[in-house]
Amino acid sequence: MSRPQATGSLPATGAWREGSPAGRRRWLRLREPLRLEAGGELPAASLAYETWGSLDRDASNAVLVLHALTGDSHVAGPAGDGHPSPGWWDALVGPGRALDADRWFVVAPNAIGGCQGSTGPAGAAPDGRPWGGRFPAITVRDAVRAEARLADELGVRSWAAVIGGSFGGMRALEWAATYPDRVSAALLLSCCAVASAEQIAWSSAQIQAIRADPDWLGGDYHDLPAGRGPHAGLGVARRIAHITYRSPQELQDRFGIDHQDGESPWNGGRYAVESYLDHHAEKLVRRFDAASYVTLAQAMSGHDVGRGRGGVEAALSRIRARTCVAGVDSDRLFPLHQQRRLAEGIPGAGPLRTITSPHGHDGFLIETAQVAELVRELLPNRSLEPAERGARSGGS
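Attention here is on the structure that accompanies the text.

Calculation criteria
- Residues numbered from 1 in each chain as written.
- Predicted model: local features only at pLDDT ≥ 70, side-chain atom pairs only at ≥ 80, totals over all residues.
- Heavy atoms only, no water.
- Helix = DSSP H or I, 4+ residues; strand = E, 2+ residues; numbered from the N terminus.
- Buried < 20%, exposed > 50% of the residue type's maximum accessible area, 1.4 Å probe, protein only.
- Contact = heavy atoms within 4.5 Å.
- Areas by Shrake-Rupley, 256 points an atom, 1.4 Å probe, with all protein chains shown as cover.
- Lys, Arg positive; Asp, Glu negative; His and termini not counted.
- Charge placed at Lys NZ, Arg CZ, Asp CG, Glu CD.
- Phe/Tyr/Trp six-rings, centres within 6.5 Å; stacked < 30°, edge-to-face > 60°.
- Lys NZ or Arg CZ within 6 Å of the ring centre and 35° of its normal.

## Considerations on the overall build of the protein chain
Of regular secondary structure, the protein chain possesses 12 helices and 10 strands. Viewed in the frame of its principal axes, the protein chain has a C-alpha envelope of about 65 × 50 × 50 Å. Within the protein chain, the proportion of its 396 residues that are buried is 58%. In the protein chain, of all internal contacts separated by at least 6 residues, the share reaching a separation of at least 24 is 75%. When the accessible surface of the protein chain is split by element, carbon and sulfur atoms take 51% of a total near 16,100 Å². For the protein chain, the distance from the average site of its 42 positive side-chain charges to the average site of its 44 negative ones is 4 Å.

## Description of the packing of aromatic side chains
Between two aromatic rings, the relevant description is the distance of the centres plus the angle of the planes. Under the definition given, this model contains nine aromatic pairs. When the centroid spacing of 6.4 Å and the interplanar angle of 85° are considered together, the rings of W89 and F364 count as edge-to-face. Of this pair, W89 sits in the loop between β5 (62–66) and β6 (105–109) while F364 sits in helix α10 (residues 363–366), placing them 275 residues apart in sequence. Comparing W89 with F364, the two get one shared label, buried. For the pair F288 and Y293, a centre-to-centre distance of 6.4 Å together with 90° between the ring planes defines the contact as edge-to-face. For F288, a relative accessible area of 2% corresponds to the buried category. Take Y293: its relative accessible area is 0%, and that puts it in the buried class. When the ring centre of F167 is taken as reference, the NZ or CZ atom of R171 above it lies at 4.9 Å.

What follows is the structure in structure tokens.
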């Protein structure tokens, strides 16, 4: 009988930690404390990021790509030392692809509060111990302010485009609203102007699952020995989330009431859909940190582009970027009416674009051919002289 693998050998966290292989990551150490919207500041913070291609002499070809809740800086490339998973949008970045590194300087940071190299709960606080439960509350706007410092350090005055979906789409929207002069174009995928009560409720259930784990310890579990840690709670949170990421019809078509091969639910076995959820829970536990999950899920719940700006419509009206807004027709977590509000409220946005997919919210990650077409439409056609193309080959 096939069962989920035991977690006895798992470390307390799946976060990248000091001393782990760097992979393709680079780091920016913020020179000044990051002042936080909820009050206080985050001292001595660092952002992990990856780049592809080279910045033009006039710094006009930079594209910022922003990850979803459990994503990271590894947009493209294989899994390997330092990168537990292959690039999550690998089909978009590379020669001949929508984000061709011969033409574009692609930058992908790991959000502040994350767990794959940027300062977050698993990282060291100024006293040398893991932040753990002491890590402060952050907002989507805080994450964007940290990313603005990265842009400054890289010499990017204005992004040719900012692109993201879900949590990444929230950040792309905040970029366009907070720094209207620094975003020439924006692709907002499967996101919203303000979190809905239902989205907050789904996140709350996931957060409570993690906090109910006996090894949560108020968030101070990072120094537990191998085999200990809030693995079960994080796994339940992932199961809940993954149900919302996929469409009801897809789950029905793929699994129905089938039993997992060799198992019977009447004798302690699983339905096939349960095995599927177990698989995704185990994968996340091995590569993510429970406290980062809580931190970033709470940031998404607090998302409101209109906060302090006179409301959503006033905030959207200040955006000057040429904007494309798209949603997935089968998305039940971020339904199309939320993207329609963005498209109708942003002056530079055309009509709402629809990604056709049976996969639900995850469609913006899976339907890369459709997303690539939106990227190509949004970005201007850039041609390089042969000498320039040769100088840039290989990227960074």
